[in-house]
Amino acid sequence: VTAALYLPPSMPFGRLDDMTCPAPSVAERAPLLQAVAQAVADMLAGKPCAPDDGLAKSLSDALLAESPDASDAAAARVAALRAALAMELQDALAAEHSTAHLLRSNGRTSASSPVRAEIRGTAGRAVTAPLFAVGRAAECEVQVVGDASVLPVQFIALPLPGGIVVADLWSHGGTTATSDGVPVLPSSGHERFCAMVVPRCGRTEFRIGARSAVAFGPSMKKLEQAARKEAKMKAIEDMAKAAAARIAAAETPRLLAKRQSSVQTSTSIGSARSGVHSASSRSRSPAIRQVEAA
């Protein structure tokens, strides 16, 4: 029976199928998780960095060490590993001035808000893990099957209030993203590794492998429905504005005529007063006598 096993301390953390040691604990993997977190934070901050392939492989082996479907205990260990890596990443991002804003809540989303993931335009599902892996392997939370060009782990995703951090340490530039049709440029230009932040709102599509796509966000059907609703509301608003303009055009002449009539009436009254005053015995004094206050 194949088992997920532990590498001796003198060897890098990884996945072995021919040893009898228990899988390493989260505490034992802490140096690996911290190194990965710092590398991702440095890439997002635009710092010159070059994570080595050994670090990437060690992380991949740790993520694929066991399946959560194996047992309740395995599921707990898998969840603990993802949670620990998420915490290390959050700490590393919080320490960088240019990435600390990602952890601040905007009042609409939180780090615990589920992410809807969709594969090749099919029905999606909500992923609630604090950090999840996307790839071909069955141990990934979002598994892409039927495409051998997709790596066992293509990238990891960390949902945060200010966006979703995506780190690809394995495909050598094989992951590209567009958010609502606009390309998302990686924060790091390293030829082998990339890290980027995609928005929580809207729809972001990732091209991975030769013929696969993974999307985060609403389905295309829901976006189309929202677009139709928005177009309908805009049409109603335009009709209301046009109606108001027609009413204003029709009422303007009447209002102008009424105003002119009011001016003429006021002028006539003033002329009459002037005539009466001129014919009176007080014609040489002002028409309006100023009364001094006592």
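Only a predicted model underlies this, so the values are computations on that prediction, with no experimental measurement involved.

Reading guide: rules and limits
- Residues numbered from 1 in each chain as written.
- Predicted model: local features only at pLDDT ≥ 70, side-chain atom pairs only at ≥ 80, totals over all residues.
- Heavy atoms only, no water.
- Helix = DSSP H or I, 4+ residues; strand = E, 2+ residues; numbered from the N terminus.
- Buried < 20%, exposed > 50% of the residue type's maximum accessible area, 1.4 Å probe, protein only.
- Areas by Shrake-Rupley, 256 points an atom, 1.4 Å probe, with all protein chains shown as cover.
- Pairing = 2+ DSSP bridges.
- Axes fitted to C-alpha atoms, helices over the stretch in contact; angles between N-to-C directions.
- Salt bridge = Lys/Arg side-chain N within 4 Å of Asp/Glu carboxyl O.
- Contact = heavy atoms within 4.5 Å.
- Core = buried A, V, L, I, M, F, W, Y, C linked by side-chain atoms within 4.5 Å.

What to know about the overall build of the protein
- Within the protein one finds four helices and 11 strands.
- Looking at the 294 residues of the protein, the share that counts as buried comes to 35%.
- Surface summary for the protein: the accessible area is close to 17,100 Å², and the carbon and sulfur share equals 58%.

A word on the sheet that holds strand β7 (residues 176-179)
- The sheet built from six strands is open, its strands ordered β2-β1-β11-β10-β7-β8 with antiparallel pairing. Both outer strands of the open sheet, β2 (125-127) and β8 (182-184), are each paired with one neighbouring strand and no more. Going from strand to strand, the sheet's axes swing by 30 degrees on average, the running direction of each strand aside.
- Bridge count for β7 against strand β10 (residues 204-208) is four bridges, and the pairing is antiparallel. Bridging across to β10, serine 179 finds its partner in threonine 204.

Description of the pattern of salt bridges
- Under the defined criterion, the tally for this structure stands at 11 salt bridges.
- Across the salt bridge formed by aspartate 61 and lysine 57, the nearest N and O atoms sit 2.8 Å from each other. Of this pair, aspartate 61 and lysine 57 both sit in helix α2 (residues 53-63), separated by four residues, roughly a single helical turn.
- Assessed through its relative accessible area of 14%, aspartate 61 is described here as buried.
- Owing to a relative accessible area of 51%, lysine 57 belongs among the exposed residues under this scheme.
- With a closest N to O distance of 3.7 Å, aspartate 147 and arginine 211 form a salt bridge. On the criterion of sequence distance, the pair formed by aspartate 147 in the loop between β4 (142-143) and β5 (155-160) and arginine 211 in the loop between β10 and β11 (212-216) is long-range, its members being 64 residues apart.
- When its relative accessible area of 1% is taken as the criterion, aspartate 147 is described as buried.
- Several salt bridges share partner residues, and in doing so they unite Arg116, Glu118, Arg203 and Glu205 into one network.

Things to note about the sheet that holds β5
- Strands sit in the order β4-β3-β5-β6-β9 across an open sheet of five strands; the sheet is mixed. Across the chains shown, the open sheet's two edge strands, defined by having one partner strand only, are β4 and β9 (194-198).
- Packing against the sheet, helix α1 (residues 30-44) makes contact with β6 (163-168) and β9, and its axis sits at approximately 70 degrees to β9.
- Along the sheet, helix α3 (residues 72-94) makes contact with β5 and β6, crossing β5 at roughly 65 degrees.

Let's talk about the nonpolar core
- Grouped together as the largest cluster of nonpolar side chains are 38 residues, with contacts concentrated most on Val40 and Ile156.
- Secondary-structure elements contributing two or more residues to this core are α1, α2, α3, β5 and β6.
- No other element matches α1, which puts nine residues into this core.
- Setting aside residues up to four positions removed in sequence, isoleucine 156 forms contacts with Leu59, Leu63, Leu85, Leu131, Phe132, Ala133, Val165, Val166, Ala167 and Trp170.
- Counting residues in each nonpolar core, the second largest holds 22 residues, with Val144, Phe155, Val198 and Phe206 among its members.

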